[in-house]
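Observations on the three-dimensional arrangement
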Number of protein chains: 2
Amino acid sequence: MTPPEPRPRDRGIPEATVARLPVYLRALQALDDRGILTVSSEHLAETTGVNSAKLRKDLSHLGSYGTRGVGYEVEYLIYQISRELGLTQDWSVAIVGAGNLGRALANYGGFGTRGFRIAALLDADTAVLGDTVAGLSVGHIDALEDVVDRENVSIGVIATPAVAAQEVCDRFVEAGVTSVLNFAPVVLNVPPGVDVRKVDLSIELQILAFHEQRKADGYAGLDPFGKGPV
Amino acid sequence: MTPPEPRPRDRGIPEATVARLPVYLRALQALDDRGILTVSSEHLAETTGVNSAKLRKDLSHLGSYGTRGVGYEVEYLIYQISRELGLTQDWSVAIVGAGNLGRALANYGGFGTRGFRIAALLDADTAVLGDTVAGLSVGHIDALEDVVDRENVSIGVIATPAVAAQEVCDRFVEAGVTSVLNFAPVVLNVPPGVDVRKVDLSIELQILAFHEQRKADGYAGLDPFGKGPV
DNA sequence: ACGCCCTTGTGAACACGCGCACAAAGTGGG
DNA sequence: CCCACTTTGTGCGCGTGTTCACAAGGGCGT
Ligand SMILES: NC(=O)c1ccc[n+]([C@@H]2O[C@H](COP(=O)([O-])OP(=O)(O)OC[C@H]3O[C@@H](n4cnc5c(N)ncnc54)[C@H](O)[C@@H]3O)[C@@H](O)[C@H]2O)c1
Ligand SMILES: NC(=O)c1ccc[n+]([C@@H]2O[C@H](COP(=O)([O-])OP(=O)(O)OC[C@H]3O[C@@H](n4cnc5c(N)ncnc54)[C@H](O)[C@@H]3O)[C@@H](O)[C@H]2O)c1
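All values reported here derive from a predicted model rather than from experimental measurement. (Residues numbered from 1 in each chain as written. Chains lettered and ligands numbered in written order. Predicted model: local features only at pLDDT ≥ 70, side-chain atom pairs only at ≥ 80, totals over all residues. Heavy atoms only, no water.)

1. Focus: the relation of the copies chain B and chain A
By a simple turn and slide, chain B fits onto chain A: the slide is 0.0 Å along the axis, the RMSD is 0.1 Å, and the turn is 180°. In the structure described here, the two chain copies are related by an operation that fits a two-fold rotation axis. (Least-squares fit on C-alpha atoms with pLDDT ≥ 70 in both.)

Structure representation (structure tokens):
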């Protein structure tokens, strides 16, 4: 419309902010549980480990929900963040791969309490079919399309070995799933419009190893008071 | 210090680059397994899902290991990246919390093959002490300091419930561990010089839910034909 | 030996995110 | 009613990271 207008993706919340909102939400819920009614950006920032100005800027993307001189009303902010994140509705999740990780995930209680319902746990190995994990019976992978359709699954979790991950992903996408959480150590290929997030433990360890090595090498790095290599 | 000198932290590799090196490494190892001797930045970039210029810039931080007109020698690059990441030595890892997740991690074979040795699996619950997981006997949490010392543990993994995480972390730090991988949904407090990385599945799901909601809202955003998030 | 073509390595422009610092706005006390 | 104090919301400069585009460099065919 207006040529000199820097507006193309303004209705969008910065990705970095989106990644922090769940952290704020969790801290706010802890405050709420303790019966605390309001909180300042300074205090909330401290408990979530971020800069208070950054926190305020993050929240300002949702609207002006604070009161100057006072702070933010805990319950109201919980509601606003939840709404923004889409947590006022329930989401169905399907997990593929009922191995070590898939079972741990299915057994994990922390999902249901946040509005994520595990609709199915699927596997290709007939030896595990019918096993009961967390009250859920392991289904066959060929039921994937049916499950996605019937249970209205919108998030697919991949906990299979690496070689099977792309194929499972393709089936998810084909079935209409547009959000995938991948634990297999492979780069998934997906069409535009599909979001993939990956959790890769080996990479995390390798990053830690890199920094660990840095500390070990006698690097007189920045931060002279750095509590050095203890 | 010196105004015209851009040298203060030059020997350092950008954090974003460090996070990608393990991805390149994995792709290179796959090429190596297939007997492929050299690879171009274009090709490697495609299989790892990054921009080829970014890949070249990443690799240039390690040195000039490519040959113009040809590409990179796979084996040599594997060696250089491994060295930079500190993977030419072995690292001892201690896991605390022998629940669903801790056991899945201990059972996972993908760590040992990359130079990470699980030195111990510890828990506070006497009911699980002595259980054998992946050839490892679950030890008591009070042995943490001993284990760290004796096995030369440099990376601590926290797979306990949230309430116990900070305390376990403190004990790790006190014992001399300077790298922590945390699975519990809490913000850990550590002194300078200690690296913490977190893996938080609930946050990953919430981020996916946010984007999912975005897609569902009939947002006739920019770019009617997808290409949106990816 | 020479020149063509391929690929690297990087300069420069751009986009994004961070944190300081402060004016605006609201509260509570006198 | 006014003033002093607290805390929000944000303008701005800075640093980091990404991408384009291209000159420099090296192999290979002739
Ligand atoms: N266990 C961990 O702690 C851990 C850590 C890091 C990464 N990972 C990754 O997570 C994934 C799963 O790990 P895991 O330890 O649970 O492995 P696992 O071998 O215990 O389980 C994998 C499961 O996937 C099933 N499967 C195989 N092919 C399938 C297919 N085509 N369709 C459906 N199911 C299929 C198998 O039958 C098996 O039950 C792997 O990619 C692994 O690299 C696991
Ligand atoms: N299981 C999952 O898939 C999953 C997913 C996301 C997050 N998490 C998080 O990972 C952590 C572990 O999850 P889990 O499912 O394995 O839980 P879990 O309850 O199965 O296991 C926790 C283990 O920690 C032990 N423990 C408790 N206090 C301890 C202490 N002070 N010192 C040592 N050990 C102690 C318990 O005895 C238990 O064996 C939790 O914080 C959870 O929120 C787990």
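Okay, back to it.
2. Some words on the interface of chain B and chain A
Interfaces are frequently sized by the accessible area removed from exposure as the parts join. With 68 residues of chain B at the contact, the number on the chain A side is 68 residues. Carbon and sulfur atoms supply 64% of the area that chain B and chain A bury against each other, a total of about 6,200 Å² over both sides. When the area that chain B buries against chain A is broken down by residue, the three leading residues are B:Leu205, B:Gln206 and B:Leu208, summing to 11%. Taken together, the links from chain B to chain A amount to eight salt bridges. Connecting chain B to chain A are 24 residue pairs in polar contact (both at pLDDT 80 or more). (Contact = heavy atoms within 4.5 Å. Buried area = accessible area lost by both parts, 1.4 Å probe. Salt bridge = Lys/Arg side-chain N within 4 Å of Asp/Glu carboxyl O. Polar contact = N/O pair within 3.5 Å; in protein donor to acceptor, adjacent residues only side chain to side chain.)

3. What about the site of ligand 2?
Close to ligand 2 lie 23 residues; A:Tyr108, B:Asn100, B:Leu101, B:Asp123 and B:Thr160 are nearest. With respect to ligand 2, its neighbouring residues span chains A and B. In this structure, an oxygen atom belonging to ligand 2 sits 2.6 Å away from a side-chain N or O atom of B:Asp123. Burial of ligand 2 by the protein amounts to 81% of the accessible area it has alone, namely 820 Å². (Near = heavy atom within 4 Å. Areas by Shrake-Rupley, 256 points an atom, 1.4 Å probe, with all protein chains shown as cover.)

4. Quick word on the protein's contact with DNA strand C
Surrounding DNA strand C, one finds 26 residues, the nearest of these being A:Lys57, A:Arg68, B:Ser41, B:Arg56 and B:Tyr72. Protein-adjacent atoms of DNA strand C, using a 4 Å cutoff, are sugar or phosphate at a proportion of 65%. With respect to DNA strand C, the side chain of B:Arg68 contributes an N or O atom lying 3.0 Å from a base oxygen. Those elements giving two or more residues to the surface near DNA strand C turn out to be helix 1 (15-33) and helix 3 (52-60) of chain A together with helix 3 (52-60), strand 2 (66-67) and strand 3 (71-73) of chain B. Among the elements that line the surface near DNA strand C, the one with the most residues is helix 3 of chain A, at four residues. Its residues placed into classes, the surface near DNA strand C shows seven nonpolar, 10 polar and nine charged. (Helix = DSSP H or I, 4+ residues; strand = E, 2+ residues; numbered from the N terminus. Nonpolar A, V, L, I, M, F, W, Y, C, P; charged D, E, K, R; others polar.)

5. Topic: the pairing of strand 4 (residues 91-96) of chain B
Residue and element names in this part refer to chain B. With respect to burial, strand 4 is a largely interior element, six of its six residues being buried. Across the two faces of strand 4 the burial is the same, with Trp91, Val93 and Ile95 and Ser92, Ala94 and Val96 all buried. With six bridges joining them, strand 4 and strand 5 (residues 116-123) adopt parallel strand pairing. Within strand 5, the position partnered with Val93 by the bridge is Ile118. Relative to strand 9 (residues 153-158), strand 4 is paired through five bridges, and the arrangement is parallel. Following the sheet pairing, Ala94 is matched in strand 9 by Gly156. (Buried < 20%, exposed > 50% of the residue type's maximum accessible area, 1.4 Å probe, protein only. Pairing = 2+ DSSP bridges.)

6. Let's talk about the site of ligand 1
The environment of ligand 1 is made up of 23 residues, and the closest members are A:Asn100, A:Leu101, A:Asp123, A:Thr160 and B:Tyr108. More than one chain reaches ligand 1: the nearby residues come from chains A and B. Between ligand 1 and the protein, one listed contact pairs an oxygen atom with a backbone N or O atom of A:Thr160 at 2.6 Å. The fraction of the free accessible surface of ligand 1 (820 Å²) that becomes covered by protein chains is 82%. Of all the secondary-structure elements, those providing two or more residues to the shell around ligand 1 are helix 5 (100-107) and helix 7 (162-175) of chain A together with helix 5 (100-107) of chain B. The residue inventory of the shell around ligand 1, partitioned by class, reads 17 nonpolar, four polar and two charged.

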